[in-house]
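Summary of structural features
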Amino acid sequence: MQETETYDFVIVGAGSAGCVLANRLTASGRYRVLVLEAGPADRNLWLHIPLGFGRLFTDRRFNWCYATEPQPECAGRAVIAPRGKVLGGSSSINGLIYIRGQAEDFNLWRQLGNTGWGYDDVLPYFRKSEANERGADELHGGDGPVAVSNARDQHPLALAYVEAAQQCGFPRNDDFNGVSQEGAGLYQTTTRDGVRCSTATAYLKPARRRANLLVATDALTTRILFEGRRATGIEYCRGGETRTALASREVIVSSGTFNSPQLLQLSGVGPAALLRSFGIPVVADMPGVGEGLNDHYAGRIMLRCREPITLNDAVGGWGGKVKAALHYAVSRRGYLTLAAISAGCFVRAHPLSETPDSQCSMALYSGDSIGGTLHAFPGVTGVCTLLRPESRGYVRIKSADPRQAPAIHPNYLATERDRETVVAGVKAMRRIFRAPAMAHYIAEEIEPGAACDNDDELLDFIRRRGSTTYHPVSTCRMGQDALAVTDERLRVRGISGLRVIDASIMPAVVSGNTNAATIMIGEKGADMVLADADT
Ligand SMILES: Cc1cc2nc3c(=O)[nH]c(=O)nc-3n(C[C@H](O)[C@H](O)[C@H](O)COP(=O)(O)OP(=O)(O)OC[C@H]3O[C@@H](n4cnc5c(N)ncnc54)[C@H](O)[C@@H]3O)c2cc1C
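Figured I'd write up the structure that's included with this text. Being a predicted model, the structure only gives us computed values, none of them experimental.

About the cut-offs
- Residues numbered from 1 in each chain as written.
- Predicted model: local features only at pLDDT ≥ 70, side-chain atom pairs only at ≥ 80, totals over all residues.
- Heavy atoms only, no water.
- Buried < 20%, exposed > 50% of the residue type's maximum accessible area, 1.4 Å probe, protein only.
- Helix = DSSP H or I, 4+ residues; strand = E, 2+ residues; numbered from the N terminus.
- Contact = heavy atoms within 4.5 Å.
- Near = heavy atom within 4 Å.
- Polar contact = N/O pair within 3.5 Å; in protein donor to acceptor, adjacent residues only side chain to side chain.
- Areas by Shrake-Rupley, 256 points an atom, 1.4 Å probe, with all protein chains shown as cover.
- Pairing = 2+ DSSP bridges.
- Axes fitted to C-alpha atoms, helices over the stretch in contact; angles between N-to-C directions.
- Disulfide = S-S within 2.5 Å.
- Salt bridge = Lys/Arg side-chain N within 4 Å of Asp/Glu carboxyl O.
- Parallel < 35°, antiparallel > 145°, perpendicular 65-115°, else oblique.
- Nonpolar A, V, L, I, M, F, W, Y, C, P; charged D, E, K, R; others polar.
- Patch = residues over 30% accessible without salt bridge, like charges linked within 9 Å, V, L, I, M, F, W, Y side chains within 5 Å.
- Phe/Tyr/Trp six-rings, centres within 6.5 Å; stacked < 30°, edge-to-face > 60°.
- Lys NZ or Arg CZ within 6 Å of the ring centre and 35° of its normal.

**Observations regarding helix H1 (residues 16–26)**
In terms of burial, H1 is a largely internal element, 10 of the 11 residues being buried. The secondary structure elements touched by the buried residues of H1 are strand S1 (4–12), strand S2 (33–36), helix H6 (199–207), strand S10 (213–216), strand S13 (241–253) and helix H14 (514–534).

Encoded structure:
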């Protein structure tokens, strides 16, 4: 059965960027907007409890649960690649850390030819989106939709980690989104009163009562429709039916770094040879669609603690779970309000780096696998993220069937500089764990263990046990060169009526966590769409 509906704008994906767009494009009441989300509504409690992220890593109801292709420089392993599949997208399942990146990241985007994307240009959009509980100042917003909060309870291990970093000579930093990112401090999170603030909560929920916004959940967009080189609408599947939605103004693809290039490729926009190999008619031969995948890889070490004060102990057994749940239910405090990571230190680890190149964080738990069972003894994990990886890979369809996952190949650790930097970063992080304030709590490093003490062994360990910190970008990169997919107004090059607005347009990954920057892209993208529509 085929039904056709017509809107001004059709947005594919209700994630970090898609929810921002849904809100801003419907605010004036002038435009009718359809938002399609492949996943369900965000009613499940664990999507709103901060510590719920631990359960959502492997929950196929709300997570695409992708994995990379075997990574040649990571001992041939497939690395997990979770992505949100629910209203709010990845902002509904992420680790909640609010760190925008360095001013230099955005100034680089501008220097690559993307006029309007320097730090001074994007700062107003960060401020517009933010409601920081510390209040507004020239760098922060106080009344935007996204709540940003301090940790409600300061864990002794998080405080000790910050002190230990200072004992190593790193400066104290109380605002990683402030004037300088360098140094150690406690993370702020996207929460309000101990509850997750996803973009579904921040932007979509307040807009849903508007008559000009329709949100369709469990609706998988299968292809973009074209008349010549103009996007006219999309085809989607819902409840076993195939339907068509037409966009009289624009189709906006906000499906994230893996699914946006996949949808373009499935629709005939991408490398011609790849598309033809799956029998897909070519609308535009664009070799850059899906290329340039850039992601944060991290070395992870694990340490056993002397005292039973970690998450392993607090929520490991049933008694602990019940106690934590009651504490949370009564006061919205305690272990369930914790984000993935509580404290960190931004470090210049490589001698050639002028700004921090490593984010050395501590998670208050340990376990054999990410999202798996926690250790039965007290433990913490040190996570050292390589902030500006040179390595680039790709996303390419493996089938013409939209339900089949694309090939995801981040090509982690492909360059010498990346390998040198991650080793230097993990060494800096180990120093922090060995400084007196942390040594007081640590019984021993269990992975890789003290016996692993030279650079070659450490690199080997990082290859075998490292993982992503879930910040893939750049597969629909904006730019001016032949491989760029969008221009600086996020319009797909050579095609009218089509934009990509999400993390995939970043020219390179930011030196931080990508949710805040993606929300900024949504805000700025919405202004561009409206400016073009209103004229
Ligand atoms: C486990 C995890 C932890 C993270 N931790 C942090 C953190 O602590 N701090 C931080 O800043 N960032 C973190 N991130 C990264 C951050 O959340 C993402 O960079 C950001 O949410 C990406 O936004 P997006 O709009 O590009 O895509 P998404 O938010 O992923 O949204 C894309 C949406 O499109 C939908 N979609 C895809 N294809 C289709 C289709 N064909 N039809 C219909 N709908 C479709 C998806 O289901 C999804 O809802 C984390 C991410 C993950 C997965």
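**A few points about the side chain of Thr486**
Position of Thr486 relative to the elements: it lies in the loop between strand S24 (467–468) and strand S25 (498–500). Beyond its immediate sequence surroundings of up to four residues, Thr486 is in contact with Cys476, Arg477, Met478, Gly479, Arg491, Val492, Arg493, Val500 and Ile505.

**Observations regarding the site of the ligand**
Near the ligand there are 37 residues, and of these Ser16, Glu37, Ser90, Thr514 and Asn515 occur at the shortest range. The contact in question runs from an oxygen atom of the ligand to an N or O atom on the side chain of Asn94, over 3.1 Å. Notes on the ligand: free accessible area 1,000 Å², of which the protein chains cover 97%. Elements represented by at least two residues in the shell around the ligand include exactly H1, strand S11 (219–227), helix H7 (256–266) and H14.

**Some points on the pairing of strand S7 (residues 183–186)**
Side chains of S7 alternate between two faces, with Gly183 and Gly185 and Ala184 and Leu186 buried alike. Sheet topology places S7 next to strand S18 (residues 343–347); 4 bridges connect them, and they run antiparallel. Within S18, the residue paired with Gly185 across the bridge is Gly344.

**A closer look at the sheet that holds strand S16 (residues 291–293)**
Within a sheet, neighbouring strands are paired by backbone hydrogen bonds and run either parallel or antiparallel to one another. Spatially, the 3 strands line up as an open sheet ordered S16-S21-S22, and their pairing is antiparallel. Of all strands in the sheet, those with a lone pairing partner are S16 and strand S22 (407–409), marking the two edges. Across the sheet, the axes of successive neighbouring strands diverge by a mean angle of 35°, strand direction being ignored. Bridge count between strand S21 (residues 393–396) and S22: 3 bridges; the pairing is antiparallel. Opposite Val395, over in S22, you have Ile408 as the bridge partner.

**Quick look at the environment of Ser369**
Relative to the helices and strands, Ser369 resides in the loop between strand S19 (358–363) and strand S20 (379–386). Between the C-alpha atom of Ser369 and that of Arg465, which follows or precedes it by 96 residues, the distance is 9.4 Å.

**Focus: the pairing of S13**
As judged from the 8 bridges shared by S1 and S13, these two strands associate in the parallel manner. Looking at S13, one finds that Thr4 is bridged to Thr244. Counted between consecutive antiparallel strands, the loop separating strand S12 (residues 230–238) from S13 contains 2 residues, among which Gly239 sits at a positive phi close to 55°.

**What to know about the state of the cysteines**
Throughout the structure, instances matching the rule amount to 0 disulfides. Here Cys19 stays free of any disulfide, with the sulfur of Cys197 as its closest cysteine sulfur at 11 Å. Note on Cys19: relative accessible area 0%, which makes it buried. Of the cysteine sulfurs around Cys305, a residue in no disulfide, the closest is that of Cys168, at 17 Å. The exposure class assigned to Cys305 is buried, which follows from its relative accessible area of 3%.

**Quick notes on the pattern of salt bridges**
For the structure shown, the criterion picks out 28 salt bridges. With its nearest N and O atoms 2.9 Å apart, the salt bridge here joins Arg477 to Asp481. The closest approach of N and O atoms between Arg489 and Asp532, which form a salt bridge, is 3.1 Å. With Arg489 in the loop between S24 and S25 and Asp532 in helix H14, the pair connects residues that are 43 residues apart, well separated along the chain. Of the residues examined, Arg489 reaches a relative accessible area of 24% and is grouped as partly exposed. Bridged by salt links that share partners, the residues Arg24, Lys128, Glu523 and Asp527 form one connected network.

**Description of the packing of helix H4 (residues 119–129) against H14**
Contact geometry of H4 with H14 gives a least axis separation of 9 Å together with a crossing angle of 105°. Between H4 and H14, the angle falls in the class roughly perpendicular. Between H4, through Val122, Tyr125, Phe126, Lys128 and Ser129, and H14, the contact on the second element is made entirely by Ala516, Ala517, Ile519, Met520, Glu523, Lys524 and Asp527. Each residue belonging to the contact of H4 with H14 can be placed in one class, and the counts come to 7 nonpolar, 1 polar and 4 charged.

**Regarding a nonpolar patch on the surface**
A surface patch of nonpolar side chains, amounting to about 390 Å² of accessible area, comprises Trp318, Val322 and Leu326. Here Val322 shows up in helix H10 (residues 318–331). Here Val322 falls in the partly exposed class, since its relative accessible area comes to 47%.

**What about the packing of aromatic side chains?**
Inspection of every chain in the model, using the stated rule, returns 14 aromatic pairs. Summarising the aromatic geometry, the rings of Phe176 and Tyr187 are spaced 5.5 Å apart at their centres and angled 65° between planes, so their arrangement reads as edge-to-face. Taken as a pair, Phe176 in the loop between helix H5 (156–167) and S7 and Tyr187 in the loop between S7 and strand S8 (191–192) lie far apart in primary sequence, 11 residues in all. Taking the relative accessible area as the measure of exposure, Phe176 reaches 6% and is therefore buried. For Tyr187, a relative accessible area of 3% puts it in the buried group. On the basis of an interplanar angle of 50° and a centroid distance of 5.0 Å, the ring pair of Phe176 and Phe346 is categorised as tilted. Remark: Phe346 occurs in strand S18 and Phe176 occurs in the loop between H5 and S7; sequence separation between them is 170 residues. Each member of the pair, Phe176 together with Phe346, is buried. Among the aromatic residues, those joined into a ring-pair cluster are Phe106, Trp109, Trp117, Tyr119 and Phe126. Of note, Arg396 hangs over the ring of Tyr394, and the distance from its end group to the ring centre comes to 3.5 Å.

By themselves these figures say nothing about function.
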